[in-house]
Amino acid sequence: MSATRPPRSRRRVTSFDVAELAGVSRSAVSLVLNGRAEGLISAENQEAVRRAAAELGYRPNRVARSLRDRSTHTIGVVTDTIVSGAFGGAMITGAGVRAARDDYLLFVMGTEGRAEREDEVIGALQARQVDALVYAAEGLHSWTPPQAFRDEPNILLDAFDPTGTSLCVVSDEEIGGYRATRMLLDAGHRRIAYLHGTTSVTATGRRMIGHDRAMAEAGLRAEKVECGWEIDRGLEDGARVLDRPDRAVGGQPARPTAVLCGNDRVAAGVLLAAARLGLRVPQDVSVVGYDDDPNVAPQLGLSTVCLPHRAMGERAMDLLLERLAGRTHEPGEVRVDSPAVARASVASPAQ
């Protein structure tokens, strides 16, 4: 019985192979595949190099490139509870996809929401010689970067620096609050109840500014109730504001024709309250949420405002990569647009 011979190892494709197939020099291959060929290599030869690399399955030697560039092409991401939250994954996905286009990888480490772990995590990422640091938060809040974080090229994502010395990427909560309210005003609603989020949360205050501006433009004021963020409170407070007559009677205010909610979970509670009271949505009452929660809003046909998490991740990485390339940016907030998402829960008020 003959012994089975081990399979022959496949020879690694090199830049010399790519150069030979493309009919160019090895230096031309390096310039093209490292994005430095513009103005130096003709468009035809650049395309020939890319075709040859794809045909041969060539991948540049990242270790050699790191030694040459004195760069690890890695970016460290410090997170709070983002890895277990409902929305953080989209931010990390957006950042990771954008980083990969420039041949960077992300190292993501979580603090589990424990501030005392931040220095440990930052130190661990620095020990791996990351080229830059990102602090990514699950929900918009203030974060003061420690000195070790400031020592590296850095950016904050869904967080803001109260000292004003860092560049931060956040959603535009003010325009989001404005657009949520305009959806109802533009449909003709004038009696609006606003079941807003907890007032101690930064996003609530910013959305309120946008909401108040829209109402002031219409010469109106909404009934405001601090509701929080959960379905149970939406059900409870929604029932309270909706269990009223169509017209004001004996000093009791009339039922609102529309309810604006602090988030989509609260809006789900309001929809339950309306159903229990025999009210049809949107024929008898219109409802608008906030977040565009993929596990809630589409299934309920809920009109809402999108928290642009993926776009925020992409924008933050754009800015950070620009900084690594030598472009400077003034510290402060970069706000990413929060678009309205119209679905079936809004209609004109019944006459």
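Look up a bit, the structure's there.
Student: Would you mind showing me how to read the packing of helix H5 (residues 88–101) against helix H13 (residues 309–324) here?
Tutor: In helix packing, the relevant descriptors are the interaxial angle and the interaxial distance, both defined with respect to the helix axes. At their nearest, the axes of H5 and H13 sit 7 Å apart, and the two run at 40° to each other. Taken together, the axis directions place H5 and H13 in an arrangement best described as oblique. The crossing of H5 and H13 is right-handed. Residues Ala90, Met91, Thr93, Gly94, Ala95, Val97, Arg98 and Ala99 of H5 form the contact with H13, whose participating residues are His309, Arg310, Met312, Gly313, Glu314, Met317, Asp318 and Leu321. Of the residues contributing to the contact of H5 with H13, the split by class is 8 nonpolar, 4 polar and 4 charged.

Student: Quick question: what am I supposed to make of the nonpolar core here?
Tutor: Across soluble globular proteins, nonpolar side chains show a tendency to be buried alongside one another. By size, the foremost hydrophobic cluster in this structure holds 21 residues, and its most contacted members are Ile75, Val134, Ile155, Leu157, Val169, Met317 and Leu320. It is H13 that provides the largest number of residues to this core, a total of 6 residues. In contact with isoleucine 155, not counting residues within four places along its chain, are Leu133, Val134, Tyr135, Phe149, Leu167, Val169, Ala316, Leu319 and Leu320.

Student: Can you walk me through the sheet that holds strand S9 (residues 286–288) in this structure?
Tutor: Sheet strands pair via backbone hydrogen bonds, and the direction of the pair is either parallel or antiparallel. If you walk across this open sheet you meet the 4 strands as S7-S6-S8-S9, and the pairing is parallel. Each end of this open sheet is capped by a strand with a single partner; those strands are strand S7 (223–226) and S9. Taken pair by pair, the neighbouring strands of this sheet meet at an average axis angle of 15°, ignoring direction. The sheet strands contacting helix H10 (residues 231–242) are strand S6 (192–196), S7 and strand S8 (258–261), and the helix crosses S7 at an angle near 150°.

Student: Looking at this model, I keep getting lost on the pattern of salt bridges. Mind explaining?
Tutor: When their charged atoms lie close together, side chains carrying opposite charge are able to pair. Per the stated rule, a full pass over the model turns up 28 salt bridges. Close ionic contact of lysine 224 with aspartate 212 constitutes a salt bridge, the shortest N to O distance being 2.7 Å. With a gap of 12 residues between them, lysine 224 in strand S7 and aspartate 212 in helix H9 (residues 202–217) connect regions that are remote in the sequence. In this structure aspartate 212 comes out as partly exposed when scored by relative accessible area, which is 34%. One continuous salt-bridge network, built from bridges that share partners, spans Asp172, Glu174, Arg206, Glu333 and Arg335.

Procedures and definitions
Throughout this description, residue numbers start from 1 for each chain and increase along the sequence as written. With pLDDT at 70 or above as the cut-off, local features in this predicted model cover only qualifying residues; side-chain atom pairs require 80 or more to be listed or tallied, and sums for whole chains, interfaces and linings still use all residues. Where side-chain values are given, they derive from all heavy atoms of the structure, hydrogens and water being excluded. With axes taken as lines fitted to C-alpha atoms, and helix axes fitted only over the stretch in contact, angles between N-to-C directions fall between 0 and 180 degrees. Under the scheme used here, helices are H or I runs from DSSP no shorter than 4 residues and strands are E runs no shorter than 2 residues, and both carry numbers assigned from the N terminus. Reported orientations rely on four angle classes, namely roughly parallel under 35 degrees, roughly antiparallel over 145, roughly perpendicular from 65 to 115, and oblique for the rest. Crossing handedness is defined as follows: a turn of the near helix away from the far one that is anticlockwise and smaller than a right angle gives a left-handed crossing, while the clockwise case is right-handed. Should any heavy atoms of two residues lie within 4.5 Å, those residues are considered in contact. Residue type decides the class: Asp, Glu, Lys and Arg count as charged, Ala, Val, Leu, Ile, Met, Phe, Trp, Tyr, Cys and Pro as nonpolar, and the leftover types, Gly among them, as polar. Buried Ala, Val, Leu, Ile, Met, Phe, Trp, Tyr and Cys residues form a nonpolar core when they are joined through side-chain atoms within 4.5 Å. Burial classes follow relative accessibility: with a 1.4 Å probe on protein chains only, a residue under 20% of its type's maximum area counts as buried, one over 50% as exposed, and anything between as partly exposed. In short, DSSP must find at least two bridges between two strands for them to pair. By salt bridge we mean one thing: a side-chain nitrogen of Lys or Arg within 4 Å of a carboxyl oxygen of Asp or Glu.

Remember, this is a structural readout, not a statement about activity or role.
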